[in-house]
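# Secondary and tertiary structure notes
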Amino acid sequence: MATDSVLHRWTSINFLGCVVVLSSLLLGCLCSSSPDDAYHTVRVSSLLPESSCKTSLTPQQADVKRSSLRVVHKHGPCSQLAQDKADAPTHDQIFLRDQSRVKSIQSRFSKITSTGTSETDRVRDTKADLPVQSGSTVGAGNYIVTVGLGTPKKDLTLIFDTGSDLTWTQCEPCAKYCYKQREPTFNPSLSASYTNITCTSSVCSDLISATGNAPGCSASTCVYGIKYGDSSYSVGFFGKEKLSLTSTDAFDNFLFGCGQNNRGLFGGAAGLLGLGRDKLSVVEQTGSKYGKYFSYCLPSSSSSTGHLTFGKGRGVPSSVKFTPLATIPQGDSFYGINIEGISVGGTKLSISSSIFSNAPGIIDSGTVITRLPPTAYSALSSAFKKLMTRYPAAPALSILDTCYDLSKYKTVTIPKVSFIFSGGTNVDLDFSGILYAASASQVCLAFAGNGDDTDVLIYGNVQQQSFEVVYDVTGMKLGFGPKGCA
């Protein structure tokens, strides 16, 4: 009996010991850093867009689900504007326009921080002669949504832009020139709810902060004018109209520009939806219903879809991580951010904190490629190259200088890239936010350096792809949640 007792105790001790050892091993497998934590394994074919549209939600499903609009890439197969492939810009043209936008954003900061003055151009309308600053640019204008305007409602496809404030669309009659758009041009005379804004109205003067220009006046009607850095422009009457964002959410007396003299590279879109921070932006004008809260997911490919959602709806997903929104005196219409560091392949780069603190930072839906201080970009590129030595190099693609030929591979392993925002918010980029593919033989690191470490840092839309990007303007928070387009 004593022997049995000892044997039982010995067996129990060894069993518990085995459990402890196995538990430790299992815990180690679950919690320790592994190569999978530092790398993405990616099918090369997934880096390239498909010829047909893949959508996670139909427009009707998205509309019923929340106060959402379907977001598509302007030149992808999901877009009603992409009827003629010959009209789609080349990669070089996309980057040229992107660089134009970046330069104009930087000029807005430098002009305000230096003399406070700027040169003006004049855009002549048959009824108004307006000074129009070269202070912003539509750039590539990648992403579009469809909204309703007027009574009865007319659907219009607009480029949405967090770096712009004034919403405008082309209107009949064209006083001088209107560019070609896909849908019929909006005719305010056929709408029962359209009203012009008078020159003496207090909201007419609000155009100064929204456009950077003093308004004009024509036959007692307030006239707006905005000219972009790429020489695109819109001039017309300032009016108010019924805006239908979804089948259930409509807003009377929405202030917008009814453009009668318009020219530019808008790719068939009817105009622009301004999501900036000025009082004339959509965010501010719908604030009483949505609480100045919106979010979007930009699709990871031009052949898939995302969404633009207003209001909290069913609440904030637990996966969303928030960082404080910064207010930038030089550009108060922009959404400011503070980046504190970058990691590549699971290792934080040795970049002095002053490199990030000395440059103002913004997040922008209209800029394609993230622009970093050159010191930070050099560190990122060098670290990425060291972890990609197994793949042959390829020629540079415009502003992208770290490129690879992946045409002989079905799958590749690339180092993960993470951004550390203020408040300790760590955002691991989707693989689509790390690489930009012109073709399988030219796949590039999707970042570029600014000219100087003090130039404004711009967190572009490629890096935002596939995330639920949440703007809580009232709460002064910006959030990132993975797999936001699902």
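Relevant structure appears above.
Before going into details, it helps to say that this report is about the structure given with it. These figures come from a predicted structure and were not determined experimentally.

The rules we used
Residues numbered from 1 in each chain as written. Predicted model: local features only at pLDDT ≥ 70, side-chain atom pairs only at ≥ 80, totals over all residues. Heavy atoms only, no water. Helix = DSSP H or I, 4+ residues; strand = E, 2+ residues; numbered from the N terminus. Salt bridge = Lys/Arg side-chain N within 4 Å of Asp/Glu carboxyl O. Pairing = 2+ DSSP bridges.

### What to know about unusual backbone geometry
In this model, T151 is joined to P152 through a cis peptide bond whose omega is 0°. Backbone torsion omega between E172 and P173 reads -5°, so that peptide bond is classified as cis. You can see P173 is positioned in the loop between β7 (168–170) and β8 (195–196). The phi angle at A219 is positive, at roughly 50°, despite the residue not being glycine. For A219, the position within the fold is in the loop between β9 (216–218) and β10 (221–228).

### Quick word on the pattern of salt bridges
In this structure the tally under the stated criterion is eight salt bridges. Residue D364 is joined to R101 by a salt bridge in which the shortest nitrogen-to-oxygen separation is 2.8 Å. One end of the pair, D364, is in the loop between β20 (361–363) and β21 (370–372); the other, R101, is in helix α4 (residues 91–113), with 263 residues separating them in the sequence. Note that K153 and D155 form a salt bridge whose closest N and O atoms lie 2.9 Å from each other.

### Points about the sheet that holds strand β18 (residues 339–344)
Backbone hydrogen bonds are what pair the strands of a sheet, in a parallel or an antiparallel way. An order of β19-β18-β25-β26 is seen for the four strands of this open sheet, with the pairing classed as antiparallel. The open sheet terminates on both sides in strands that have one partner only, identified here as β19 (347–348) and β26 (425–428). For strand β25 (residues 417–421) and β26, the ladder comprises four bridges, and the chain directions are antiparallel. Considered in β26, the bridge of F421 is made with T425.

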